[in-house]
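# A structural walkthrough
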Amino acid sequence: MQKKLFIKTYGCQMNVYDSHRMSDVLAPLGYMPWPSSQDADMVILNTCHIREKAAEKVFSELGRLKAQKELRARQGGRMIIAVAGCVAQAEGAEVLRRAPQVDMVFGPQTYHRLPELVARSLRGSGGVLDTDFPLESKFDHLPEESHRQGPTAFLSVQEGCDKFCTFCVVPYTRGSEYSRPVADVVAEAERLVAGGALELTLLGQNVNAYHGAGADGKVWGLGRLLRRICEIDGLRRLRYTTSHPRDVDDELIAAHAVESKLMPYLHLPVQSGSDRILEAMNRGHSAEDYRRIVERLRNAAPDLALSSDFIVGFPGESAADFAATLRLVTDIGYAQAYSFKYSPRPGTPASLAETQVSEADKSERLASLQMLLGEQQIAFNRASEGREMMVLFDAPGRKPGQIVGRSPHMQSVHVTVPVPAVPRLRGALLPVHIETGHPNSLAGRLELCDAGAILSDNRCPQTLGVPA
Ligand code: SAH
Ligand code: SF4
Ligand code: F3S
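Residues numbered from 1 in each chain as written. Chains lettered and ligands numbered in written order. Predicted model: local features only at pLDDT ≥ 70, side-chain atom pairs only at ≥ 80, totals over all residues. Heavy atoms only, no water.

This part is about the packing of helix H9 (residues 250–258) against helix H11 (residues 287–300). A pair of packed helices is captured by two measures, namely the crossing angle of their axes and the spacing between those axes. Contact pair H9 / H11: the axes reach a minimum separation of 8 Å and the direction vectors enclose 35°. Residues Asp250, Ile253, His256 and Ala257 of H9 lie in contact with H11, whose contacting residues are Arg296, Leu297 and Ala300. Taken together, the residues of the contact of H9 with H11 sort by class into 4 nonpolar, 1 polar and 2 charged. (Axes fitted to C-alpha atoms, helices over the stretch in contact; angles between N-to-C directions. Helix = DSSP H or I, 4+ residues; strand = E, 2+ residues; numbered from the N terminus. Contact = heavy atoms within 4.5 Å. Nonpolar A, V, L, I, M, F, W, Y, C, P; charged D, E, K, R; others polar.)

Okay, here's the thing in structure tokens:
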């Protein structure tokens, strides 16, 4: 009998990937994807613990689900509520205590055990908790991914973190660093490409710390892995995220110089421009080290667009420390970036520091940093005006006739075509003439094919990749 499964995903791209894999594990049990919690037989919240706000969202969602579960019970049905991901790992017992409507809580390393957990939950009455870090790797026990991800697909190659930045929960929620063997990664990449992916994004909490076992008995770094994956016929674009400055090595830089499939965009979080704060964060590099790494990357790939993460108001951050962050941003010049107020997380060393920065200072610093980053982003987008770039279209836009894709630099690009052409363009990689650079996106027109050619069966050569 078919059952309805709704997975709601919070947090990073690793969680997006994991949600696909959970749905693969549950498919043999009869669970089919369902678009909302309404009428669902099972709801999984795949959660994020990175900042307090992220974690609190889960509890408010659980409140809403409680009412739906009760309604379903009154109608004679049953809704299983599960909490997965990093909140489950960090606060599993607390989740069951605060939200007794929850049937199952399980951490990111246990997804291969889901069938057993479901069986236990259906048998028993209380909540089932599994937050082990099992000896076996889930990757060896998960079924092959059946979930078609479409033209752009994620592939986890590395998980966990041994760096222990003093603000961060990830080493506790995801466990220690693990790299999948090269052969597994390549086989999965080939399957994804055969299934229609033109672009792959390799994922890892520290993706460039990748050190997977190669078939040649040697340990491969990320640079070598990227070059191997670039050899896959039919793959057009390759990306990876998230990288740590400490793990940018010569091989990775060289890959950017020579591999045309490797997109000229790199998310390289720096967090702060102050050496004092970087040290207190345990980042393991100075602001000057970061500048040098970026310079080497840009020498290898002059077109490289950079992105970063920043934390403002880390304990002990002075006005002068924050000014150093603004200076670093000015020097580097980012295409886009994410910035956050420091959020004290339970169990992390920085949360115990007595030098917490006031909320008012955090807000003020975040506003000025975001202003600067916003200006840089607009400047970067404006500089795209008049250029022609390849865009991989993967989703319909908000307005009728709009289709949205990504530039090589990860900018979101929208073009308007006759409405019936929109579905045909999904998965097409086409040259677009950029007309306007907006703050968060680019507007362009399809360069070499007029809309008429796309609409008719008489497609021009540039649309040959378009699935009918
Ligand atoms: N592995 C990546 C980042 C993973 S977490 C790296 O090392 O850079 C994603 C981002 O969330 C971090 O880069 C950081 O900017 C932010 N973040 C993590 N913990 C935080 C905290 N306690 N408060 C505010 N932001 C945080
Ligand atoms: Fe967190 Fe630091 Fe590890 Fe990134 S490197 S996941 S910020 S501990
Ligand atoms: Fe959040 Fe866990 Fe990812 S804390 S950012 S979901 S690794």
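Continuing now.
Within soluble globular proteins, side chains that are nonpolar tend to cluster in buried spots. Among the nonpolar cores identified, the biggest contains 51 residues, and Leu200, Leu202 and Ile229 are the most heavily contacted of them. Sorting elements by how many residues they give to this core places helix H7 (residues 182–194) first, with 6 residues. In this view, Ile229 contacts Val185, Ala189, Leu200, Leu202, Leu235 and Leu238; residues no more than four positions away in its chain are not counted. In terms of nonpolar packing, the next biggest core, distinct from the first, is built from 22 residues, Ala54, Val95, Ala99 and Val105 among them. (Core = buried A, V, L, I, M, F, W, Y, C linked by side-chain atoms within 4.5 Å. Buried < 20%, exposed > 50% of the residue type's maximum accessible area, 1.4 Å probe, protein only.)

Taking strand neighbours around the barrel as the criterion, the 5 strands line up as S17-S18-S19-S21-S20 in a closed arrangement whose pairing is mixed. In this sheet, neighbouring strand axes are inclined to one another by 55° on average, regardless of whether the strands run parallel or antiparallel. (Pairing = 2+ DSSP bridges.)

All right, on to the pattern of salt bridges then. It is possible for side chains of opposite charge to pair when their charged atoms get near one another. Under the counting rule described, the total for this entry stands at 34 salt bridges. Between Glu159 and Lys138 there is a salt bridge, with its nearest N and O atoms 3.0 Å apart. Of this pair, Glu159 sits in strand S8 (residues 158–159) while Lys138 sits in helix H5 (residues 138–141), and the two are 21 residues apart along the sequence. Judged by relative accessible area, which is 2%, Glu159 ranks as buried. Residue Glu159 is joined to Arg174 by a salt bridge in which the shortest nitrogen-to-oxygen separation is 2.9 Å. Of this pair, Glu159 sits in strand S8 while Arg174 sits in the loop between helix H6 (170–173) and strand S9 (178–179); the two residues are 15 residues apart in sequence, bridging distant segments of the chain. Assigned by exposure class, Glu159 and Arg174 land together as buried. Look at the salt bridges and you will find they share partners, linking Asp18, Lys138, Glu159 and Arg174 into a network. (Salt bridge = Lys/Arg side-chain N within 4 Å of Asp/Glu carboxyl O.)

This part is about unusual backbone geometry. Residues Thr241 and Thr242 are joined by a peptide bond in cis, for which omega reads 5°. Note on placement: Thr242 falls in the loop between strand S13 (237–241) and H9. Positive phi outside glycine occurs at Asp39, with the angle close to 65°. Along the polypeptide, Asp39 turns up in the loop between strand S2 (31–33) and strand S3 (42–47). The class of Asp39 is partly exposed, set by a relative accessible area of 39%. At Gln271, a position not held by glycine, the phi torsion is positive, near 75°. Locating Gln271 in the fold gives a position in the loop between strand S14 (265–267) and helix H10 (275–280).

It is at 11 Å that the axes of H11 and helix H12 (residues 319–332) come closest, and there the two elements cross at 10°. Comparing their axes, H12 and H11 come out roughly parallel. Contact with H11, carried on its side by Ala287, Tyr290, Arg291, Val294 and Arg298, involves Arg327, Leu328, Asp331 and Ile332 of H12 and no other residues of that element. Along the lines of polarity and charge, the residues of the contact of H11 with H12 split into 5 nonpolar, no polar and 4 charged. (Parallel < 35°, antiparallel > 145°, perpendicular 65-115°, else oblique.)

So, about the site of ligand 3. Around ligand 3 lies a shell formed by Cys12, Asn15, Thr47, Cys48, His49, Ile50, Cys86, Arg174 and Gln205. Among the residues making up the shell around ligand 3, the classes are represented as 4 nonpolar, 4 polar and 1 charged. (Near = heavy atom within 4 Å.)

Spanning 14 residues, H12 covers 20 Å between terminal C-alpha atoms, matching the ideal 20 Å at 1.5 Å per step. All buried positions along H12 are accounted for by Asp321, Phe322, Ala324, Thr325, Leu328, Val329 and Ile332. Across the axial projection of H12, the buried residues extend over an arc of 150°, all falling on one side. Away from its buried face by more than 90 degrees, H12 exposes Ala319, Ala320, Arg327 and Thr330. Looking at the buried side of H12, the elements it contacts are H10, H11, strand S15 (305–312) and helix H13 (359–382). Of the residues trailing H12, Gly333 is marked for its positive phi of about 75°. (Expected span 1.5 Å × (residues − 1). Arc of directions from axis to C-beta.)

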